[in-house]
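So you can see what is in the structure, the chains are spelled out below.
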Amino acid sequence: MKSTPLSLLLGGLLFAGGAHATAAEHVHASHAWIRLLPGDLPAGAYVTLQNDGDQPAALSGASSAQYADVMLHHSSTAGGMSRMTMVDAMTVPAHGQAVLAPAGYHLMLMQPTRPVKAGDTVVLTLKFADGSALDTRFIARPANAIDAGDEHAGH
Amino acid sequence: MKPRRIFFPALLLALGLLLAGCHSNEPLPLRLTNISGHMPDLDFKLTDDLGKPVTGADYRGKVTLLYFGYTHCPDVCPLTLAQLHVVMQRLGPLADGARILFVSVDPGRDTPAVMHAYVNAFDPRAVGLTGEPRAIEALSKRYRSAFSREPGSADGNYEVTHSSAIYVFDRAGKARVLATPSASQDDLVHDLHLLLDTGADR
């Protein structure tokens, strides 16, 4: 047990910078889905992130071969008005989770490079503020879906 | 004495009529915010998603759910329309008496063709309405609903802030219920049942 912190430290030194890659190593993604919209309209992507690490992780965005542009957004409703704002990062607390879900945080997927249809799997690379990245498989769902369609899995 | 004798039965009759009247006009036990008498009747001049000019009068006989949004809205608008689709499904065959009217506050990008593909991805009873910016503004002002466009990213995209309310009108085009996207689905189904059960088509 005593060797664990030491090996972590050595591992960190070996990979040139202890903070590098740790966020992606500690974060696990589940319930990843995309709400498809017709034509080239931007789509929303949602995912639950679980952080097993001792440090908070900061999701800063994502990229994908399937979409020319991906942005991290936050929807909010105040005083009966809905608005959408771009955000720099979303924190996944240490030993906690953060949820990208409809009417809250979401990844806005723009300009599909080829058509996506319901049932397809799309890989998005989640990017963290420390520079680490996590490839995640998202299931494409129809426009009128209300969730990932896997509500009985993982609960 | 004589005028009084006439007056009394007349008063009773009037009271009776009043009570009878009250009974048949008893306010519907709506669960969501009841806006009966507080908002103007459904009225607009827009273009539907088939490119046909339409007015509020074209939807008389249907219970209508009016919602403002835009197609380049990947999160809240689709969520609201997906939830309304679930509500329509829960109404079963009764839902044929209802229409979701999705009004674009972004007519520059939302052509009838774009609106057609968009609304049909959610529900067959959804209608996409777009039109002259002035006509959309007039409709939005009529229901004290607001929207604004904000300069957005460098590639010419812009963000639209819009009212999240859903206005429900009865078959006569009278404003009856104000719902928010966070309203309970059970309550919306309940209220739509009441409005759909009241008065058959026309």
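Predicted model only: the values in this text are computed from it and were never measured.

Calculation criteria
- Residues numbered from 1 in each chain as written.
- Chains lettered and ligands numbered in written order.
- Predicted model: local features only at pLDDT ≥ 70, side-chain atom pairs only at ≥ 80, totals over all residues.
- Helix = DSSP H or I, 4+ residues; strand = E, 2+ residues; numbered from the N terminus.
- Expected span 1.5 Å × (residues − 1).
- Buried ≥ 20, exposed ≤ 12 C-beta atoms within 10 Å, placed from the backbone.
- Contact = placed C-beta atoms within 7 Å.
- Core = buried A, V, L, I, M, F, W, Y, C linked by C-beta atoms within 7 Å.

A. Expanded view of helix α2 (residues 76-91) of chain B. All names here are of chain B. Here α2 contains 16 residues, and its C-alpha end-to-end distance of 23 Å stays within 8% of the 22 Å for a straight helix at 1.5 Å per residue. Counting buried positions along α2 yields 12 of 16 residues, so the element is predominantly enclosed. Every buried residue belonging to α2 is among Val-76, Cys-77, Pro-78, Leu-79, Thr-80, Leu-81, Ala-82, Gln-83, Leu-84, His-85, Val-87 and Met-88, and all of these are buried. With its phi angle positive at about 65 degrees, Gly-92 sits one or two positions after the end of α2.

B. Representation of unusual backbone geometry. Backbone geometry places A:His31, a non-glycine residue, at a positive phi of 50 degrees. Following the sequence through the fold, A:His31 ends up in strand β1 (residues 27-35).

C. Representation of the environment of B:Val189 within the structure. Residue and element names in this part refer to chain B. Within the secondary structure, Val-189 is located in helix α5 (residues 185-197). The exposure class assigned to Val-189 is partly exposed, which follows from the 17 C-beta atoms found within 10 Å. As a C-alpha pair, Val-189 and Leu-84 span 105 residues in sequence and 9.6 Å in three-dimensional space. Once residues lying within four places of it in the same chain are set aside, the contact partners of Val-189 are Val-87, Arg-90 and Leu-91.

D. Local environment of the nonpolar core. Grouped together as the largest cluster of nonpolar side chains are 83 residues, with contacts concentrated most on A:Ala45, A:Leu107, B:Leu65, B:Phe102, B:Val103 and B:Val168. If we skip the residues at most four places from it in the chain, B:Phe102 touches B:Tyr67, B:Gly69, B:Leu81, B:Val119, B:Ala126, B:Val127, B:Gly128 and B:Leu129.

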